[in-house]
Amino acid sequence: MALATKSLKKTNHWLSTPEKQIEVLSDFKSVGIKSFGQKLNETDLLPLKPTGVQVFQINVGKMCNQVCQHCHVDAGPDRKEIMTRETMQQCLDALKDPNITAVDLTGGAPEMNPDFRWFVEELSELGKDIIVRCNLTIILANPKYHDLPAFFKKHKINVVSSLPSFTARRTDAQRGDGVFEKSIKALQMLNAEGYGQEGTGLKLDLVYNPSGAYLPDDQSVLEMEYKRKLKDTYDIVFNDLFAITNLPVSRFLDYLVRTDNYQDYMNELANAYNPMAAAGVMCRSMVSVGWDGYLYDCDFNQMLELKLKNGVPDHVRDFDYEKVKNREIIINQHCFGCTAGAGSSCGGTTTN
Ligand code: SF4
Ligand code: SF4
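Since this is a predicted model, take the numbers as computed values, not measurements.

### Focus: helix 1 (residues 18-26)
Of the residues making up helix 1, those classed as buried are Pro-18, Gln-21, Val-24 and Leu-25. Angular distribution of buried residues about the axis of helix 1 spans 125 degrees; they occupy a single face of the element. Facing away from the buried surface of helix 1 by more than 90 degrees, the exposed residues are Glu-19 and Glu-23. Against the buried residues of helix 1 lie helix 2 (28-31), helix 11 (250-258), helix 12 (262-271) and helix 14 (299-303).

This is how it looks when you write it as structure tokens:
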């Protein structure tokens, strides 16, 4: 089956709005599972509260050079939402708070924001750890991006990149024709700059996510397999592999509904609820900033437009560390994706 080339939003798909997605997710009774809140309550975690706010995850725009089948952002070349320099400056002001130690830049393809490099340079001045979620193919998409590995190196960026398989067939099926070959070339360019190489301090992490409606395999086993295959076949090295569960949001939700897998998948997630994973969900230590500066508990809540509420300022220009730290995290049924099995976060499993 040919992959979509347009976002759900562009095609006015019925699941393109957060309201419709929340309507589907909220109907847990017809799926035959408990509410996520009830599960949290049974394990003494309701209301779900942060333990701190160490990470600022900033979505600098929904524009992307790819249109991956499972994208929870519904990103693509047709998305025009881009963070302005003014909003970036508001983020920089908020980031003067010493409690926040890391900044995680995501998108879309964050590098497509015209102010991306300016923003990274300003962030570097603040001395925070910087993560960039680079989709790899952007490095080869246009000559103006070819020097990204050197730019990342200059600013000691931790590069985190999706590679759903070490085979071309599976990667291309999820991310588009030719993506695997370009990803391999980009990884070799990053390795040539010292990324993933011992002793350089330049960290290159890969992200695995399942290609269908099932939970990821054991993260450490996958990491060993990836390391062996990528080294033997392409002479590629990297640091850590993060195994991530697909959350039922946006294009993955559409995939589940379209393929009649929604009910089974939600049952699989709910049955695999793990209280230890629930205690370690990433929203307990982060806040997520949208392209327009609004604040959310995580990137998934951002895509569902579930802004911070209950008197907590919901825009980065009014960022208040204490209020964000003491907020109540907004939950819905998609949260089961973070608490199933070994747990799932932007940094992989949450229980080991
Ligand atoms: S998953 Fe990443 S690379 Fe793929 S469309 Fe979404 S933002 Fe772009
Ligand atoms: S989806 Fe977001 S709010 Fe829900 S548990 Fe996961 S990180 Fe927390």
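So that's the structure; there's more coming.
### Considering the UniProt feature "domain: Radical SAM core" (unreviewed entry) in the chain
UniProt's entry tags residues 58-195 with the feature "domain: Radical SAM core" (unreviewed entry), counted in the numbering of this structure. Secondary structure content for residues 58-195 is 39% helix and 12% strand, and the end C-alpha separation is 23 Å.

### A closer look at the sheet that holds strand 3 (residues 129-133)
Within the open sheet, the eight strands sit side by side as 6-5-4-3-2-1-7-8. Their pairing is mixed. Looking at the sheet topology across the chains shown, the edges are occupied by strand 6 (241-243) and strand 8 (295-296). In terms of strand pairing, strand 2 (residues 102-106) meets strand 3 through four bridges, oriented parallel. Across the sheet, the residue bridging to Asp-104 is Ile-131, located in strand 3.

### What about the environment of Asp-93?
Position of Asp-93 among the secondary structure elements: in helix 4 (residues 85-94). Taking the C-alpha atoms as reference, Asp-93 lies 33 Å from Pro-143; in sequence the two are 50 residues apart.

### Considering the site of ligand 1
Around ligand 1 sit Cys-64, Gln-66, Cys-68, Cys-71, Ala-75, Gly-108, Asn-135, Arg-175 and Arg-251, and those are all the residues in its vicinity. The residue makeup of the shell around ligand 1, split by class, is four nonpolar, three polar and two charged.

### Focus: the site of ligand 2
Inspection of the region around ligand 2 gives Leu-247, Val-281, Met-282, Cys-283, Cys-298, Asn-301, Ile-329, Ile-330, His-334, Cys-335 and Cys-338 as its neighbouring residues. When each cavity is represented as a set of grid points, ligand 2 is found to reside in the second largest cavity. The residue makeup of the shell around ligand 2, split by class, is nine nonpolar, two polar and no charged.

### Brief notes about the packing of aromatic side chains
What the rule picks out here adds up to eleven aromatic pairs. For the pair Phe-151 and Phe-152, a centre-to-centre distance of 6.5 Å together with 55 degrees between the ring planes defines the contact as tilted. Across the pair, Phe-152 and Phe-151 agree in class, each one buried. One aromatic cluster is present, formed by Phe-36, Tyr-273 and Phe-336 through successive ring pairs.

### Focus: empty space enclosed by the protein
To find the voids left in a structure, one rolls a probe of water-molecule size over its atoms. Taken as a whole and judged by the stated rule, the model has two cavities of 30 Å³ or more. For the largest cavity, the calculated volume is near 680 Å³. In this structure, the largest cavity is lined by 37 residues; those nearest its centre are Cys-71, His-72, Val-73, Ser-162 and Arg-175. Tallying contributions element by element places strand 4 (residues 158-162) first for the lining of the largest cavity, with three residues. Residue composition of the lining of the largest cavity, by class: 17 nonpolar, 16 polar and four charged.

### Some points on the pattern of salt bridges
Scanning the model with the defined rule gives 19 salt bridges in all. The salt bridge partner of Asp-115 is Arg-85, with a shortest N-O separation of 3.1 Å. Within this pair, whereas Asp-115 is found in the loop between strand 2 and helix 5 (116-126), its partner Arg-85 is found in helix 4, the two being separated by 30 residues in sequence. Residue Arg-85 is classed as partly exposed on the basis of its relative accessible area of 39%.

### Some details on the nonpolar core
Of all hydrophobic cores here, the largest spans 104 residues; its most connected members are Phe-56, Ile-58, Leu-105, Phe-119 and Phe-152. With residues up to four places along the chain from it excluded, the contact list for Leu-105 reads Ile-58, Val-60, Pro-110, Phe-116, Phe-119, Val-120, Leu-123, Ile-130, Ile-131, Val-132 and Arg-133. Judged by nonpolar contacts, the second largest core, of five residues, contains Ile-131, Val-160, Val-207 and Phe-242.

About the criteria used
Once a new chain begins, its residue numbering starts again from 1 and follows that chain's sequence as written. Going through the entries in the order they are written, you letter the chains from A and number the ligands from 1. Local features in a predicted model are, by the rule used here, given only for residues with pLDDT of at least 70; side-chain atom pairs are given and counted only at 80 or more, and totals for whole chains, interfaces and linings are based on all residues. The side-chain figures draw on all heavy atoms in the structure; neither hydrogens nor water molecules are used. Buried means the residue's accessible area, taken with a 1.4 Å probe over protein chains only, is under 20% of the maximum for its type, while exposed means over 50%, and partly exposed covers the values in between. Secondary structure follows DSSP: runs of H or I at least 4 residues long count as helices, runs of E at least 2 residues long count as strands, and numbering of each begins at the N terminus. What the arc covers is the set of directions going from the helix axis to the C-beta atoms. Two residues qualify as a contact provided that any one of their heavy atoms is within 4.5 Å of a heavy atom in the partner residue. UniProt positions are given in the numbering used here, feature names are shortened, and annotations may be inferred rather than shown by experiment. Two strands are said to pair when DSSP picks up at least two bridges between them. Residues are classed as near a molecule or strand on a simple rule: at least one heavy atom within 4 Å of it. For this classification, Asp, Glu, Lys and Arg are treated as charged, while Ala, Val, Leu, Ile, Met, Phe, Trp, Tyr, Cys and Pro are nonpolar and the rest, including Gly, are polar. As defined here, a cavity is a set of points on a 1 Å grid over the protein atoms alone where a 1.4 Å probe fits but cannot get out. A pocket is an open set with protein on both sides within 12 Å along at least five of seven lines, and residues line them when an atom is within 4 Å of a point. Cavities and pockets are treated as containing a molecule whenever more than half of the molecule's atoms lie within 2 Å of their grid points. Only Phe, Tyr and Trp rings are paired, with Trp represented by its six-membered ring, and only when their centres lie within 6.5 Å; those with planes under 30 degrees apart are stacked, over 60 edge-to-face, the remainder tilted. Grid points are joined across faces, edges and corners, and a volume is the space filled by probe spheres set on the points. We define a salt bridge as a contact between a side-chain nitrogen of Lys or Arg and a carboxyl oxygen of Asp or Glu at a distance within 4 Å. Put simply, buried Ala, Val, Leu, Ile, Met, Phe, Trp, Tyr and Cys residues joined by side-chain atoms within 4.5 Å make one nonpolar core.

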